[in-house]
Amino acid sequence: MDTMTNSHAHDLIDLVRQISVDTLPPAVVEQARICLLEALGCGVFGASQPWSRILADEMIAEGTQGFSTVIGRGRLAAPAAALCNGTAIHGYELDDLIAESVVHPGAAVIPAALAAAEAVEASGARVVEAIVAGYEVTHRIGLALGAEPSRRGFHVASLSAPAGCAIAAGIVMGLTRDQLLSAIGLSCSAAGGIKSFAIGKGGGMVKRLHLGRAAEAGVRAAQLARRSFLGPPFAIDSRFGLVEVFGGSSADAARLSEELGSQWAISKTWFKVYPICGWIQSTVQLLCEMRGPQPLTSADIAHVRVGVSKYAAQNNSEPAPIDTMGAQYSIPYCAALSLMGDPRDPDMFSAEVVNRADIRELAARIEIVVDPRIDAVYPSQYGACVSLTLADGRSFEGTVLDCHGTPVDPCTQAESREKFKLLTRGRLSEAQAETLTEHVRTLADLASVRTLMETLSSASSR
């Protein structure tokens with residue numbers, strides 16, 4: 001391959017190629033296992049949703065054959081499995097994210113790593129290494145892109161994830177350095193995804209697909225590179241590279257290699273408590289705490305004021321969403337639900353509940369404002385400042401900069417296990433759930449990742 005001086009992307013790639021479970025800090029290996037269990041729980045739940053069933057039906061109808069598990073649907077070729085599982089994991093706004101880079105690494109990197117690993121029967125240790133590497137690359141590309149892509153309406157997660165998935169797939173497949181560079185170069189041309197789903201006028205199913213397509217692209221790029229299909233080796237940070245083209249005025253390629261190895265990106269992962277957009281989590285947390293253990297009625301509530309970032313106020317203020325996607329991105333709907341229902345329950349975002357007259361009435365009365373304190377820390381922190389006044393005269397105020405589930409205020413192991421049980425209940429038997437949890441716990445010791453995935457093949461997708 002040709003060489004280019006001062007490639008920050010190559011410095012990053014050279015670092016992650018050397019990752020080994022034997023030298024990673026134990027806390028990083030443990031975090032990779034937690035990310036995997038979270039993703040699998042989301043995938044089992046997401047596989048039962050209409051968009052996942054439609055997609056799996058289409059892939060099965062194509063008749064691709066392979067060794068890679070599609071959750072609840074058997075086995076297909078690796079790219080198809082990565083597509084289906086990535087869509088399922090990202091399918092209900094419960095998958096992990098990293099706030100600073102505005103990316104969802106788990107829904108893309110993990111299905112790509114697993115599908116590619118099953119195809120070549122890689123070990124569990126290689127999957128751990130691939131997950132850590134994929135999170136690192138996805139996060140750092142997000143940082144290098146900066147804020148402009150989001151402002152212009154791109155879904156940053158689906159811009160940065162294809163390259164992260166190519167790295168993850170390439171590592172489990174044992175690609176050489178030149179093959180990895182080709183795989184990344186190919187995957188960069190698959191970057192894309194716009195946020196038309198978020199304006200509250202009907203989001204459809206497309207966002208669910210974004211991370212699945214990234215996983216599919218990364219696996220396919222790695223497979224092609226293994227067969228000597230060449231890609232541009234400097235596609236991330238060269239002239240007309242991914243960072244320059246999508247990042248525009250906020251592009252900063254130096255962030256790709258800034259303080260490499262000082263803190264792993266996977267350690268910054270945030271696990272959602274509620275099945276909603278990340279920057280609405282703080283609002284919901286505050287209102288749940290203010291209302292107490294019992295839900296209120298619309299008549300109990302005199303006024304609600306929510307202070308958020310300018311970006312959230314501009315893009316998440318639709319008071320009358322018309323579908324599940326719109327509800328999960330609506331501050332007024334989520335705020336009203338927090339006071340009148342259970343925002344942890346995914347069923348509260350079904351079409352029937354979204355159209356409930358009492359929730360809509362309260363949502364229409366929610367006041368959304370830009371709070372300078374919250375705006376100043378966005379996007380490093382997704383905070384909220386909330387005031388609630390009840391009809392009986394009582395009032396409450398509160399501010400949260402780092403909501404529960406973030407690295408600053410992490411979920412406990414008990415909470416993570418409870419979330420996994422909630423998401424898999426009725427879809428995995430208790431015995432299957434226990435087996436899957438144990439295989440994740442011992443992942444680094446598994447001779448073949450197919451042992452882990454066996455349980456998921458028979459999960460219920462209905």
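Residues numbered from 1 in each chain as written. Predicted model: local features only at pLDDT ≥ 70, side-chain atom pairs only at ≥ 80, totals over all residues. Heavy atoms only, no water.

- The name given to the protein chain in an unreviewed UniProt entry is MmgE/PrpD family protein, and the organism recorded there is Shinella lacus.

**Focus: unusual backbone geometry**
Logical step 1: Cis geometry is adopted by the peptide bond preceding Pro 379, which originates at Tyr 378 and carries an omega value of 5°.
Logical step 2: Looking at the element boundaries, Pro 379 is found in the loop between α18 (372-377) and β5 (384-390).
Logical step 3: Backbone geometry places Glu 93, a non-glycine residue, at a positive phi of 60°.
Logical step 4: Looking at the secondary structure, you find Glu 93 in the loop between α4 (78-89) and α5 (106-120).
Logical step 5: Judged by relative accessible area, Glu 93 falls into the buried class, the value being 1%.
Logical step 6: A positive phi angle is found at Phe 240, which is not glycine, with a value near 65°.
Logical step 7: The topology assignment puts Phe 240 in the loop between α10 (206-226) and α11 (242-247).
Logical step 8: Phe 240 gets classed as exposed once you look at its relative accessible area, which sits at 63%. (Helix = DSSP H or I, 4+ residues; strand = E, 2+ residues; numbered from the N terminus. Buried < 20%, exposed > 50% of the residue type's maximum accessible area, 1.4 Å probe, protein only.)

**Some thoughts on the packing of aromatic side chains**
Here a ring pair, both rings aromatic, is described through the centre-centre distance and the interplanar angle of the planes.
Logical step 1: Under the defined criterion, the tally for this structure stands at eleven aromatic pairs.
Logical step 2: Considering the side-chain rings of Tyr 311 and Tyr 378, the 5.7 Å spacing of their centres and the 15° angle between planes classify their relative orientation as stacked. You can see Tyr 311 sitting in helix α13 (residues 310-315) and its partner Tyr 378 sitting in the loop between α18 and β5, a full 67 residues away along the chain.
Logical step 3: Overall, the relative accessible area of 19% leaves Tyr 378 in the buried class.
Logical step 4: Put simply, the rings of Trp 270, Trp 279, Tyr 311, Tyr 378 and Tyr 382 touch in pairs and so form one group of aromatic residues.
Logical step 5: In this structure, Arg 208 packs its charged tip against the face of Trp 51, placed 4.4 Å from the ring centre.
Logical step 6: When the ring centre of Phe 67 is taken as reference, the NZ or CZ atom of Arg 450 above it lies at 4.6 Å. (Phe/Tyr/Trp six-rings, centres within 6.5 Å; stacked < 30°, edge-to-face > 60°. Lys NZ or Arg CZ within 6 Å of the ring centre and 35° of its normal.)

**Some remarks on the pairing of strand β3 (residues 301-308)**
Logical step 1: Two strands pair when backbone bridges link them, and β3 and β5 are joined in this way by six bridges, in the antiparallel orientation. If you follow Val 304 over to β5, its bridge partner there is Leu 388. (Pairing = 2+ DSSP bridges.)

**Overview of the pattern of salt bridges**
Logical step 1: Under the defined criterion, the tally for this structure stands at 23 salt bridges.
Logical step 2: Glu 148 is the partner of Arg 152 in a salt bridge, and the nearest nitrogen-oxygen pair spans 3.7 Å.
Logical step 3: Under the relative-accessibility criterion, Glu 148 is labelled buried at 15%.
Logical step 4: Within this structure, Glu 100, Arg 255, Glu 258 and Lys 268 form a network of salt bridges that share partners. (Salt bridge = Lys/Arg side-chain N within 4 Å of Asp/Glu carboxyl O.)

**Comments concerning the UniProt feature "domain: MmgE/PrpD C-terminal" (unreviewed entry) in the protein chain**
Logical step 1: In the numbering used here, UniProt assigns the "domain: MmgE/PrpD C-terminal" (unreviewed entry) feature to residues 274-443.
Logical step 2: With 43% helix and 15% strand, the stretch residues 274-443 has end C-alpha atoms that lie 27 Å from each other. (UniProt positions renumbered as here; feature names shortened; annotations may be inferred.)

**Overview of helix α9 (residues 177-188)**
Logical step 1: With twelve residues, α9 extends 17 Å from end C-alpha to end C-alpha; this agrees with the ideal 16 Å at 1.5 Å per step.
Logical step 2: In terms of burial, α9 is largely enclosed, as nine of its twelve residues are buried.
Logical step 3: Taken residue by residue, α9 has Leu 180, Leu 181, Ser 182, Ala 183, Ile 184, Gly 185, Leu 186, Ser 187 and Cys 188 as its buried positions.
Logical step 4: Elements in contact with the buried residues of α9: α1 (8-17), α8 (156-173), α10 and α11. (Expected span 1.5 Å × (residues − 1). Contact = heavy atoms within 4.5 Å.)

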